[in-house]
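Summary of the model geometry
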Amino acid sequence: MNTCRDNLKLSVKNIKKTFGDTAVIEDVSLELYEIEFVSLLGLSGSGKSTVFNIISGLVMPDAGEVFIEGKNYTGKTGRVSYMYQKDLLMPWKKIIDNVAIPFLLKGQGKKQAREKVKDYFKVFGLEGFEEKYPFQLSGGMRQRAALLRTYMFSRDIMLLDEPFGGLDAITRSKMHCWLLGILENLKTSILFITHDIEEAVFLSDRIYVLSNRPARIKEEIIIDLPKPRERKIVTTENFNRIKRHILSLLDEGEEENGCI
Amino acid sequence: MKRLESTETRKKVSQAATKGVPSLFLFILLITWQVVVDQGIVQKYILPSPLDTIVTFVQILPGLKSHIIITLKEAFTGFFIAICFAVILAVLMDSIKLLKKAVYPLLVVSQTVPIIALAPLFVIWFGFGLLPKVIVVILVCFFPIVISLLDGLNSVDVDMLNMLKSMGANRLQTFRILKFPASMVNFFSGLRIAATYSIMGAVIGEWLGGEGGLGVYMLRVKHSFALDKMFAVILLIVIMSMLLFKGISLIQDLLMPWHKLLNKNIGRQ
């Protein structure tokens, strides 16, 4: 994936957020360029999800702005959608109808909406599951469907909030390769939340490392590992060098908690 | 593999046995009852035996047709109106929080008022026709439907709501796509309860006077001490209520085919 540095899709400028007495986000700015994969890496409870809620417009920041393709989208929903650790598929809808929800919301009929999503089932490796109900699918397959639904809503920018956090290690690693595989064919920019260092390094072009709460960007790391990436890259010296660096970043200021 | 199979079969056998337990228990109960009456431990005019009840049931059933129709008419009318009111009120209460706060406690308190005390008032106010009976049915059916639908609307996954919101869904779309279908399971449990109440409600209404219906018939046979007929009508009411209960379940299976599949899936795991 080549990053087009000139095509800024999303930029978040100096957002701040306080809930009651707790400052959740102190100062976060980030940028996402076209066809780029950027991760937001931080420990649990570091305010990553709040950043996403602000970008998607669900939460209004106390200060700062969100720009999508140059337009101010602060506090406005309906432009980018996100995907969760929970698949959020509706158990009463068949997979194809779940995936077609974005088109229903745009006012199209059920049949029309189905027609629009049909062709993507093959791309996403979901062929044959169209008429199944969510509970008839494995966790990994459900996450694929959830990603497809997110893609159907906003094809150019997707926010993924620990999408594979609920899967077992082997399925998760398979999903990583699957995700990178389909992304080669889709022109989409991804902002990815995770607390898993290896996941972030393996998938991303760039990583923002977040501090503990209240969140600010500790460091921006460009991952210069070659693409397409293979599974075995995780054991190379380069990969481990980056991983070590991030670990030391996350450990900063909490020596007392580190294990010896 | 063989061991697996044998445990499988053992499981099946034990499942079948568990299924048979309620019927077996009922059978033993009925036999005891029969013997007690046959031996004269309790006199026949005090307590008719199960066999007598069934014989009477078959004998009087053709003559009860007009009464059954009246009772069903009252029950269905009341049930249907109760559903309409309950759905409207639950949806309003769910979308206007202030209304919910104001009405919910009142709803609960209203259920503590004994219907049997209110029913004679309805006769005074509305006479001996259809109306007072229908009102009793509405009153007993309304509550379980409202509460179950409210619970259903309330229990919708917040993350799902947020997801739709992030996609720019308006309130009506959110309701149609998510909230209403999500509350259907609860709604149908409420409907099943209300359906069984509806026959009972109609009978209570009729008990206080009227031109026809099973309640009126029961009152007549009670006055003539025909206890076997009384028991036969009770049996009939039980059967009718059970059929209605089953009917609601069937409608649910038709409207929500995924629900049956889901339950089967859970059962398998």
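Residues numbered from 1 in each chain as written. Chains lettered and ligands numbered in written order. Predicted model: local features only at pLDDT ≥ 70, side-chain atom pairs only at ≥ 80, totals over all residues. Heavy atoms only, no water.

1. Considerations on the domain arrangement of chain B
Residues and elements named next belong to chain B. On domain assignment, one finds that chain B holds domain 1 (1-42) and domain 2 (45-268). Distance between the C-alpha centres of domain 1 and domain 2: 31 Å. At the junction of the two partners, domain 1 supplies five residues and domain 2 supplies seven residues. For the pair domain 1 and domain 2, the two sides together bury roughly 570 Å², of which 75% comes from carbon and sulfur. In terms of surface lost to domain 2, no three residues of domain 1 exceed Trp33, Gln34 and Val42, which account for 76% of the buried area on that side. If you look at where domain 1 meets domain 2, you find zero salt bridges. Grouping the constituent residues of the side of domain 1 that touches domain 2 by class yields four nonpolar, one polar and no charged. (Domains from an automatic or database assignment. Contact = heavy atoms within 4.5 Å. Buried area = accessible area lost by both parts, 1.4 Å probe. Salt bridge = Lys/Arg side-chain N within 4 Å of Asp/Glu carboxyl O. Nonpolar A, V, L, I, M, F, W, Y, C, P; charged D, E, K, R; others polar.)

2. Digging into the packing of helix 6 (residues 130-154) of chain B against helix 9 (residues 184-207) of chain B
All names here are of chain B. Following both chains from N to C, one finds helix 6 and helix 9 inclined at 165 degrees, their axes separated by 7 Å at the closest point. Compared by their axis directions, helix 6 and helix 9 come out roughly antiparallel. Where helix 6 crosses over helix 9, the two elements pack in a sense that is right-handed. Counting all contacts with helix 6, which are made through Lys133, Val136, Val137, Val140, Cys141, Pro144, Ile145, Ser148, Leu149, Asp151 and Gly152, the residues of helix 9 involved are Asn186, Phe187, Gly190, Leu191, Ile193, Ala194, Tyr197, Ser198, Gly201, Ala202, Gly205 and Glu206. Residues of the contact of helix 6 with helix 9, tallied by class, amount to 13 nonpolar, seven polar and three charged. (Axes fitted to C-alpha atoms, helices over the stretch in contact; angles between N-to-C directions. Helix = DSSP H or I, 4+ residues; strand = E, 2+ residues; numbered from the N terminus. Parallel < 35°, antiparallel > 145°, perpendicular 65-115°, else oblique. Left-handed = near helix turned anticlockwise from the far one by under 90°.)

3. Topic: the pairing of strand 3 (residues 37-41) of chain A
All names here are of chain A. Counting buried positions along strand 3 gives five out of five residues, so the element sits mostly inside the fold. Neither face of strand 3 is left uncovered, since the one carrying Phe37, Ser39 and Leu41 and the one carrying Val38 and Leu40 both have all their residues buried. With five bridges joining them, strand 3 and strand 8 (residues 189-194) adopt parallel strand pairing. Looking at strand 8, one finds that Phe37 is bridged to Ile190. Sheet topology note: the strand 3/strand 9 (residues 206-210) ladder contains four bridges and is parallel. The residue of strand 9 that forms the bridge with Val38 is Arg206. (Buried < 20%, exposed > 50% of the residue type's maximum accessible area, 1.4 Å probe, protein only. Pairing = 2+ DSSP bridges.)

4. Focus on the packing of aromatic side chains
Residues and elements named next belong to chain A. Within this structure, the stated rule accounts for 15 aromatic pairs over all chains. Centre to centre, the rings of Phe124 and Trp178 are 6.0 Å apart; their planes meet at 65 degrees, and the pair counts as edge-to-face. Residue Phe124 is found in the loop between helix 5 (120-123) and helix 6 (139-153), and its partner Trp178 is found in helix 7 (residues 169-183); the two are separated by 54 residues along the sequence. By relative accessible area, which is 12% here, Trp178 ends up buried. Between the NZ or CZ atom of Arg231 and the centre of the ring of Phe202, over which it lies, the distance is 4.5 Å. (Phe/Tyr/Trp six-rings, centres within 6.5 Å; stacked < 30°, edge-to-face > 60°. Lys NZ or Arg CZ within 6 Å of the ring centre and 35° of its normal.)

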